[in-house]
Structures are given as structure tokens and as C-alpha cells.
Amino acid sequence: MSDLVTSGREGDLPGKPTSVSRTTLSHIMTASDTNLLGTVHGGVIMKLVDDAAGAVAGRHSGGPAVTASMDEMVFLEPVRVGDLVHVRAQCNWTGRSSMEIGVRVMAERWNESTPAQQVGSAYLVFAAVDEHGKPRPVPPVIPETERDKRRYQEAQIRRTHRLARRRAIKELRQQREAEGIRDGDL
């Protein structure tokens, strides 16, 4: 796998190690972040996840990148007012113009010295775009550790599943349309 990632395809940009674009975004949760249950709204956490992932995608690709999809956003524990949330993100995999960014969400009490606890995780796909909003090439990611290599391999599996799901749904819709079945807008 390492040779494939570092050598790339003819004409590609030189690869970048995982550590080059890895980042952490930290934020103290306040009362304005809460939902009706008094815990932090999932949408607030999702925005932080998207922000951190976007920073990684921009760093790795060397320019603008847009969110193409979010996979597997998992909330493991509630986040509460006063929690210091750390959103850690890194580039797990790259294609021609797309990148999978893995994100781990950690939370700790801002006024205690207890270790941070994982409260969520997500995988996002970003597309690098040029000044006209068209896809542009990204450098291959070079996994540096065994953990990075595992994440790279898992990202390839998620990509295969995303493409297969998209293809199966398209085929089903075409079949239903051919049978004269019209679905609503949703």
C-alpha cells in the first residue's frame, strides 16, 4: 500500500504525510448551544466537526475544499454546558479530487483535570475545488503510522460501500421509473 500512496499516478501531485494537515479545534460549550433536553445540540457538534474537517481538507489539498458528504456521524455520549470539546481531524484517504476526513470528538469538563472522553466520531468526504467550483486534483495522503494505515484501508472500504450504495439506489430508481412508478419529492 505504501508504494501506491507515495508514488501516485503519473502527473499527480507529490504526496503529503498524514501529520501535515492534522488539526484540533477546541470550544467551550455554553447555554446558547443547548437543545430542549439541556444538553448540547447535535447540530452544534456537527458544525464543529464540519469546521475541523474543512480545515484539514483545505490544508491537505492546498486550497478550497467543500463538504461532499458526511458518513457515520455517531454520538456516543451527551455533551453538556461547560464541557470543553476537542474536535480532532485528519485526512484518512485521498482520491483524484476527493478526501476522506476522519473526526473524533472528545469532551472534558473545563474546570476539572479529568481525562477527555470520546463523545462522537464522523467521516466526511470533501472535494477540492478551483476558483470556478470545479474539482481539482489533491495530493495523495501518506499514512505514517500503523493506525494511519488502518484508517486508510478502512476509508477505502467506506468509499466502496458509498459507491455501491449510490449505484444500487440509482438502479432501483431507474427500475421503478421504467415500471411507471412515480415517487414524491422525498
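Residues numbered from 1 in each chain as written. Predicted model: local features only at pLDDT ≥ 70, side-chain atom pairs only at ≥ 80, totals over all residues. Heavy atoms only, no water.

1. Some details on the sheet that holds strand 6 (residues 117–128)
Stage number 1. Read across the sheet, five strands follow the order 2-4-5-6-3 without closing on themselves; strand pairing throughout is antiparallel. Looking at which strands have only one partner, the edges of the open sheet turn out to be strand 2 (23–28) and strand 3 (65–75). Neighbouring strand axes in the sheet, compared pairwise and without regard to direction, differ in orientation by 25° on average.
Stage number 2. With six bridges joining them, strand 2 and strand 4 (residues 83–94) adopt antiparallel strand pairing. Across the sheet, T24 pairs through a bridge with R88, a residue of strand 4.
Stage number 3. Sitting on the sheet, helix 4 (residues 146–178) touches strand 3, strand 4, strand 5 (98–109) and strand 6, and the angle it makes with strand 4 is about 75°. (Pairing = 2+ DSSP bridges. Helix = DSSP H or I, 4+ residues; strand = E, 2+ residues; numbered from the N terminus. Axes fitted to C-alpha atoms, helices over the stretch in contact; angles between N-to-C directions. Contact = heavy atoms within 4.5 Å.)

2. Digging into helix 3 (residues 42–61)
Stage number 1. In this model, helix 3 (20 residues) spans 28 Å end to end at C-alpha, consistent with the 28 Å of a helix rising 1.5 Å per residue.
Stage number 2. Of the residues making up helix 3, those classed as buried are I45, L48, V49, A52, A53, V56, A57, H60 and S61.
Stage number 3. Just downstream of helix 3, G62 is the residue with a positive phi angle, here 75°. (Expected span 1.5 Å × (residues − 1). Buried < 20%, exposed > 50% of the residue type's maximum accessible area, 1.4 Å probe, protein only.)

Keep in mind that these numbers describe shape and distance, not what the molecule does.
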